[in-house]
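The primary structure of each chain is shown beneath.
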Amino acid sequence: MYDVTSIQNLKKDVLYLVAKASFEGTLEEERDHIPEKMIEGPEPTFRCCIYKEREIVRQRIRLAEGKAPGAEDDGNIVQVIKSACADCPISSYVVTNNCQNCLGKDCIKACRFGAIEPGHTRSRIDSQKCKECGMCAKACPYNAIAHVSRPCKDSCPVDAISYDEYGVSVIDEEKCIRCGQCAAKCPFGAIGTKTWITNVIADLKAGKKVYAILAPATEGQFGKDITMESWRQAVKKAGFEDLIEAGLGGDMTTCSEAEEWLEAYRNGEKRTTSCCPGFVNMIRKHYPDLADLISTTVSPMCAVSRMIKAKDPEAVTVFVGPCVAKKSEVADQKIEGNADYALNYNEILAILKAKDVELEPAENTYQDATTFGKFYGNSGGVTDSVLEYMKETEQNEDIKVCKANGAAECKKALMFLQRGRLPEDFIEGMACEGGCVGGPSRNEEIIKARKVRENLIKSADDRKITDNLKRYDMDSFSMHR
């Protein structure tokens, strides 16, 4: 049974049941019965009736299978579950109990659309007529009219969310940068993302060599005892061939990025980083005239995937992390040799649970990345790594970098760059505040995870980036798009 405090549990259980049925080969016959098994009834627990609850589960099952929740699919990995969104308040302006039902009726006089009417004890706003201009709120002498901003719309950094005639949220696919913040902020669980759970499981069952690429932001997300080695052991028990930390790809990206920055700097040109797909999507969709300034260096995820496929062209690579936009990098950017799939933490945990595998404490012995590669998961980590590499290779140019932390800072930096007023030479853009550790699918809040994360990373060895890269055949694959 579920209540309003356990929407997250409902999401996880849908993923688990889909994963379990996929491993057992019963998904086709079980799909239509999962909603009734989860929502037994007869009394509803988190919506108006059990039929709406079951419909929400049904649409979540479709997302878990990589499909749009409804009949229409615009191709976006981020989707609105309409049956869940319908319960969100429609009107953006509401009259609160502070209303004194005053005789002046300044609110009614201020409204040009006839949307406010006098009531028995307070004024009333007709949501069908309201144009959300806010003039009534400004006019009220008691500040009795409040602006209620929907969390999804308020969290979208590019104004990609509007409402249809029924008050259901609509995501503009042309504007959406796939950052996933709307899905993270919706209190009704009405926005979700398509998953590749069934695809990954199909490849595992087919006996393919499936490799997990674990995001550097993972360290610290699951407590001080869950290390990279913990994850490596767990995914191998679940049938994966191996796990490689994406922080290694961070070291690889650092080397290539440094070369690009140095060349651009000496030519008097500016560049932006390319490892955050949300930031890249922002540039391409909202600042297209700056698209040529995006670094051609591939992301750490792609670098590790190409390294694996250079050794085994038949390998299947799966990125795991807190990022929604990584799914977009896979689905939309179509970069050759990139990861085949991207999963968030709930999705990989559903696969592990379906195989009766749990994350268990392990010594922090698995270290493929330098500490600089590991800190790629933090805002500013790319810059620190690139400057360290330049120092190691004795290329000490006086380079200045704008570390844009979060979508708002990214937009500000890009605006300055667009107008030729950016004082720095380069922009490191992270769409999520804090960097990848602040991703919408994170398992732990940044503040809670920070100390654990720092201690885990500090316990790693202090090898240099240049020394680390000597262990790999960097000539066997390209580091550019």
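Note that the structure is a prediction, hence the values are computed from the model and not measured.

### A few points about the overall build of the chain
- If you tally the helices and strands in the chain, you get 21 helices and 15 strands.
- Buried positions account for 56% of the 481 residues belonging to the chain.
- Just so you have it, the chain exposes about 21800 Å², and 47% of that area is on carbon and sulfur atoms.
- Averaged over its 66 positive side-chain charges, the chain has a centre that lies 5 Å from the centre of its 74 negative ones.

### Comments concerning the sheet that holds strand S11 (residues 271-272)
- A sheet is described by the order of its strands in space; here three strands give the open sequence S11-S15-S14, paired in parallel fashion. Both edges of this open sheet fall to S11 and strand S14 (401-405), since each of them pairs with a single strand only.
- In this structure, S11 lies alongside strand S15 (residues 426-430), joined through two bridges in parallel fashion. Within S15, the position partnered with Thr-272 by the bridge is Ile-427.

### Some details on the side chain of Ser-230
- With respect to the secondary-structure elements, Ser-230 resides in helix H11 (residues 228-237).
- Dropping the residues within four chain positions of it, Ser-230 is found in contact with Asp-225, Leu-359, Glu-360, Pro-361 and Ala-362.

### Description of the pairing of S14
- Pairing of S14 with S15, which is carried by five bridges, proceeds in the parallel orientation. Bridging from a neighbouring strand, Cys-402 pairs with Ile-427 of S15.
- Once you follow S14 into helix H19 (residues 407-418) and on to S15, the crossover reads as right-handed.

### Some details on the packing of helix H12 (residues 246-266) against helix H18 (residues 381-392)
- The contact between H12 and H18 brings their axes to 9 Å, and the two run at 75°. When the interaxial angle is binned, H12 and H18 end up roughly perpendicular. Packed against H12, whose contacting residues are Thr-254, Cys-255, Glu-257, Ala-258, Trp-261 and Leu-262, the element H18 presents Thr-383, Ser-385, Val-386, Tyr-389 and Met-390 at the interface.
- Class assignment for the residues of the contact of H12 with H18 results in seven nonpolar, three polar and one charged.

### Comments concerning the sheet that holds strand S10 (residues 242-245)
- In spatial order, the strands read S10-S9-S12-S13; together these four strands make up an open sheet with parallel pairing. Looking at the sheet topology across the chains shown, the edges are occupied by S10 and strand S13 (341-343). Mean inter-strand twist for the sheet, computed between neighbouring axes without regard to direction, equals 25°.
- With three bridges joining them, strand S12 (residues 316-320) and S13 adopt parallel strand pairing.

### Details of the nonpolar core
- One finds Trp-231, Phe-240, Met-252, Met-307 and Ile-427 to be the most contacted residues of the largest nonpolar core, which totals 131 residues.
- Tallying contributions element by element places helix H1 (residues 7-24) first for this core, with nine residues.
- Sequence-distant contacts of Met-307, defined by excluding residues within four places in its chain, comprise Ile-244, Leu-248, Met-252, Tyr-472 and Phe-477.
- Core analysis: the second largest hydrophobic core is formed by 14 residues, Cys-107, Ile-116, Ile-125 and Cys-130 among them.

### Structural notes on the packing of aromatic side chains
- Going through the model one piece at a time under the given rule, you end up with five aromatic pairs.
- Look at Trp-231 and Tyr-345: their rings are 6.3 Å apart centre to centre, the planes differ by 40°, and that puts the pair in the tilted class. Pair noted here: Trp-231 is in helix H11 and Tyr-345 is in helix H16 (residues 345-354), with a separation of 114 residues, a long-range link.
- Members of the aromatic cluster, each reached through a chain of ring pairs, are Phe-222, Trp-231 and Tyr-345.
- For the cation-ring pair, Lys-153 lies above Tyr-163, with the distance from its terminal atom to the ring centre recorded as 5.9 Å.
- The ring centre of Tyr-16 lies 4.5 Å from the NZ or CZ of Lys-353, which sits over that ring.

### Comments concerning the pattern of salt bridges
- Per the counting criterion, the structure on display carries 28 salt bridges.
- Put simply, Lys-37 and Glu-30 hold a salt bridge, and the shortest N to O gap is 2.6 Å.
- The shortest N-O distance in the salt bridge between Lys-403 and Asp-384 comes to 3.3 Å. With a gap of 19 residues between them, Lys-403 in strand S14 and Asp-384 in helix H18 connect regions that are remote in the sequence.
- Judged by its relative accessible area of 39%, Asp-384 falls in the partly exposed class.
- A single salt-bridge network, built from bridges that share partners, covers Glu-28, Arg-31, Glu-65 and Lys-67.

### Some words on helix H10 (residues 197-205)
- Buried within H10 are the following residues: Ile-197, Thr-198, Val-200, Ile-201, Asp-203 and Leu-204.
- In the stretch just after H10, Gly-207 is the one whose phi turns positive, near 80°.

### Things to note about the state of the cysteines
- Counting across every chain of the model gives zero disulfides.
- The thiol sulfur of Cys-152 is not disulfide-bonded, and the nearest other cysteine sulfur, from Cys-85, lies at 6.1 Å.

### Here we look at the packing of H12 against helix H14 (residues 300-311)
- Viewed as axis vectors pointing N to C, H12 and H14 meet at an angle of 100°, and their least axial separation amounts to 7 Å. By the angle class used here, H12 and H14 are roughly perpendicular. Where H12 approaches H14, its residues Ala-246, Leu-248, Gly-249, Gly-250, Met-252 and Thr-253 are matched on the opposing element by Pro-300, Ala-303, Val-304 and Met-307.
- Among the residues making up the contact of H12 with H14, the classes are represented as seven nonpolar, three polar and no charged.

### Quick look at the environment of His-33
- By secondary structure assignment, the location of His-33 is in the loop between helix H2 (27-30) and helix H3 (34-38).
- Given a relative accessible area of 41%, His-33 falls into the partly exposed group.
- Between the C-alpha atoms of His-33 and Asp-475, which are 442 residues apart in sequence, the distance is 52 Å.

### Remarks on the environment of Ser-92
- Take Ser-92: it is sitting in the loop between helix H5 (82-85) and strand S2 (93-95).
- As for Ser-92 and Ser-149, which are separated by 57 residues in sequence, their C-alpha atoms are 5.8 Å apart.
- Apart from residues no more than four positions distant in its own chain, Ser-92 is found in contact with Glu-132, Ala-146, His-147, Val-148 and Tyr-163.

### Brief notes about the environment of Asp-13
- Along the polypeptide, Asp-13 turns up in helix H1.
- Under the relative-accessibility criterion, Asp-13 is labelled partly exposed at 23%.
- C-alpha separation for the pair Asp-13 and Ala-202, spaced 189 residues apart in sequence, amounts to 20 Å.

About the cut-offs
Residues numbered from 1 in each chain as written. Predicted model: local features only at pLDDT ≥ 70, side-chain atom pairs only at ≥ 80, totals over all residues. Heavy atoms only, no water. Helix = DSSP H or I, 4+ residues; strand = E, 2+ residues; numbered from the N terminus. Buried < 20%, exposed > 50% of the residue type's maximum accessible area, 1.4 Å probe, protein only. Areas by Shrake-Rupley, 256 points an atom, 1.4 Å probe, with all protein chains shown as cover. Lys, Arg positive; Asp, Glu negative; His and termini not counted. Charge placed at Lys NZ, Arg CZ, Asp CG, Glu CD. Pairing = 2+ DSSP bridges. Contact = heavy atoms within 4.5 Å. Right-handed = clockwise from strand over helix to strand, strands pointing away. Axes fitted to C-alpha atoms, helices over the stretch in contact; angles between N-to-C directions. Parallel < 35°, antiparallel > 145°, perpendicular 65-115°, else oblique. Nonpolar A, V, L, I, M, F, W, Y, C, P; charged D, E, K, R; others polar. Core = buried A, V, L, I, M, F, W, Y, C linked by side-chain atoms within 4.5 Å. Phe/Tyr/Trp six-rings, centres within 6.5 Å; stacked < 30°, edge-to-face > 60°. Lys NZ or Arg CZ within 6 Å of the ring centre and 35° of its normal. Salt bridge = Lys/Arg side-chain N within 4 Å of Asp/Glu carboxyl O. Disulfide = S-S within 2.5 Å.

Without other data, these values stay purely geometric and don't point to any function.
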